Amino acid sequence: MTNKILNFQFLILCLVLILSSCRKASNIAGSNIALACDSVYFTENFRIETHGDYTLATVRNPWQPERELQRFVLVPKSAALPELLPEGILIRTPLARTVSFGSVQCSFFAELDVLQTLVGVCEPNFINIPFVQNGVREGTIANVGQAANPDIERIMFVEPEALFTAPIEESGTGQISALGVPSVECIDYMESSPLGRAEWIRFFALFFEKRELADSLFAQTVDNYKALQDLTAQSETQPTVFSETIYSGVWWTPGGNSYMAHFFKDAGADYLWKDDTQTGSIGLSFEAVLENAENADFWLIKYNASNELTLSELVRNYPNYAFFDAYKKGNIYICHTGNATYYEDLPVHPDYILKDLVWIFHPETLPDYRPEYYRKIHE
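All values reported here derive from a predicted model rather than from experimental measurement.

A. Spatial organisation of the overall build of the protein chain. When helices and strands are tallied, the protein chain shows 13 helices and 19 strands. Here the protein chain holds 379 residues, and the buried ones make up 52% of them. Relative to all contacts within the protein chain whose residues are 6 or more apart in sequence, the contacts with residues 24 or more apart total 59%.

B. Quick look at the sheet that holds strand E11 (residues 183-185). An order of E7-E6-E5-E10-E11 is seen for the five strands of this open sheet, with the pairing classed as parallel. The strands lining the two open edges of the sheet, one partner per strand, are strand E7 (142-143) and E11. Across three bridges, strand E5 (residues 98-100) lies against strand E6 (residues 118-121) in parallel orientation. Considered in E6, the bridge of Val 99 is made with Gly 120.

C. Region of interest: the sheet that holds strand E4 (residues 89-93). One open sheet accounts for four strands, arranged E1-E2-E3-E4; its pairing is mixed. For this open sheet the edge positions go to strand E1 (46-50) and E4, each flanked by a neighbour on one side alone. For this sheet the average axis-to-axis angle between neighbouring strands, irrespective of direction, equals 20 degrees. Judged from the six bridges that link them, strand E2 (residues 55-60) and strand E3 (residues 68-76) form a sheet pairing that is antiparallel. Bridging across to E3, Ala 57 finds its partner in Phe 72.

D. Fine view of the nonpolar core. Formed by 95 residues in total, the largest nonpolar core has its most connected members in Phe 207, Trp 299 and Phe 324. By residue number, the principal contributor to this core is helix H13 (residues 350-361), which donates seven residues. Counting residues in hydrophobic clusters, the runner-up holds twelve residues, among them Val 99, Phe 101, Cys 122 and Ile 176.

E. Structural view of the pattern of salt bridges. This structure, assessed with the given rule, holds twelve salt bridges. Residue Arg 71 is joined to Glu 68 by a salt bridge in which the shortest nitrogen-to-oxygen separation is 2.9 Å. Residue Glu 68 is classed as partly exposed on the basis of its relative accessible area of 40%. Among the ionic pairs, Glu 199 bridges to Arg 202, the shortest N-O distance being 2.9 Å. When salt bridges that share partners are traced, they join Glu 199, Arg 202 and Asp 215 into one network.

F. Layout of the side chain of Ser 192. By secondary structure assignment, the location of Ser 192 is in the loop between E11 and helix H5 (194-198). According to the relative accessible area criterion, Ser 192 is buried, its value standing at 6%. For Ser 192, the side chain forms a polar contact with the side chain of Glu 44, separated by 3.1 Å. Discounting residues that sit within four places of it in the chain, Ser 192 has contacts with Glu 44, Asn 257, Ser 258, Tyr 259, His 262 and Thr 279.

About the criteria used
- Residues numbered from 1 in each chain as written.
- Predicted model: local features only at pLDDT ≥ 70, side-chain atom pairs only at ≥ 80, totals over all residues.
- Heavy atoms only, no water.
- Helix = DSSP H or I, 4+ residues; strand = E, 2+ residues; numbered from the N terminus.
- Buried < 20%, exposed > 50% of the residue type's maximum accessible area, 1.4 Å probe, protein only.
- Contact = heavy atoms within 4.5 Å.
- Pairing = 2+ DSSP bridges.
- Axes fitted to C-alpha atoms, helices over the stretch in contact; angles between N-to-C directions.
- Core = buried A, V, L, I, M, F, W, Y, C linked by side-chain atoms within 4.5 Å.
- Salt bridge = Lys/Arg side-chain N within 4 Å of Asp/Glu carboxyl O.
- Polar contact = N/O pair within 3.5 Å; in protein donor to acceptor, adjacent residues only side chain to side chain.

Right, here's the structure in full:
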């Protein structure tokens, strides 16, 4: 445990040094050497190379790791277009007109203070950000339909410079590729760790020339996250935990190498599927979950419904839930994702989510804290 803490402290020191070196290196005009701020620390899926007159941003293909998914060549609008550039999707920065296909991208935009670039969004009903809701209502931001089936004509009408999408495996961009508008495929959700996903703010920042701001915000997130880990590092107990509920006969639970599994570990809990190697969710039968989690200390559930979830409603929906010790003891914590900004904050501020989890598993470490997302289930 001591080695882990020291490693984390070293990473934070590196981030501080990076912020300083970026500012110094940016004064070296015409340099073609990648700057120190090109280093990445937690992400597994993007790389940055800064050159004198352009920046190269490469996204790894998470489904075929030996291949690239996309490569962007970013050239400032304020500079002349270089005669010789590497292969890739050319984008002039900073972007002024964008379309976002999901709430996650909007969350990163909000952190970087570039929501004003949005001229269209998909599925605005699922974007719990007042600026976006107001923009759609007032007509300054177009509703361009479903992410899986966007309204091409509306997208053409708003004339974006780039689309920020979230592909499902290698499904491609389909009909939107015919628009001739660059599509930035955001695969932050494929990261296995919360801080790996949060580091994507540094990727988004490249398109808006907000690198220094992004590095500063990310360093603060890492610092906050590490401080919460320190609270549980010396704890003598690691309560067992499982999560979610059965749906259409399948219980989808986070894989052992998923970011949720990392959350549980970092919050000082013993996740019962920690030995699984998958980064996504694993589908299990009720019997398989009961066998492993019948005596678990805690049960965490996320849901979105018109009614508040209660113990009685939970067992009414599926009577066999009553077999779990966590149900019998009332040790169930729920998060109503329709009321809380859980999904908006999750990718950008994992430290916010972690604080709730630390409070659940080790309440003695945060005696005055009021949770933002989870609450204990009522009768």
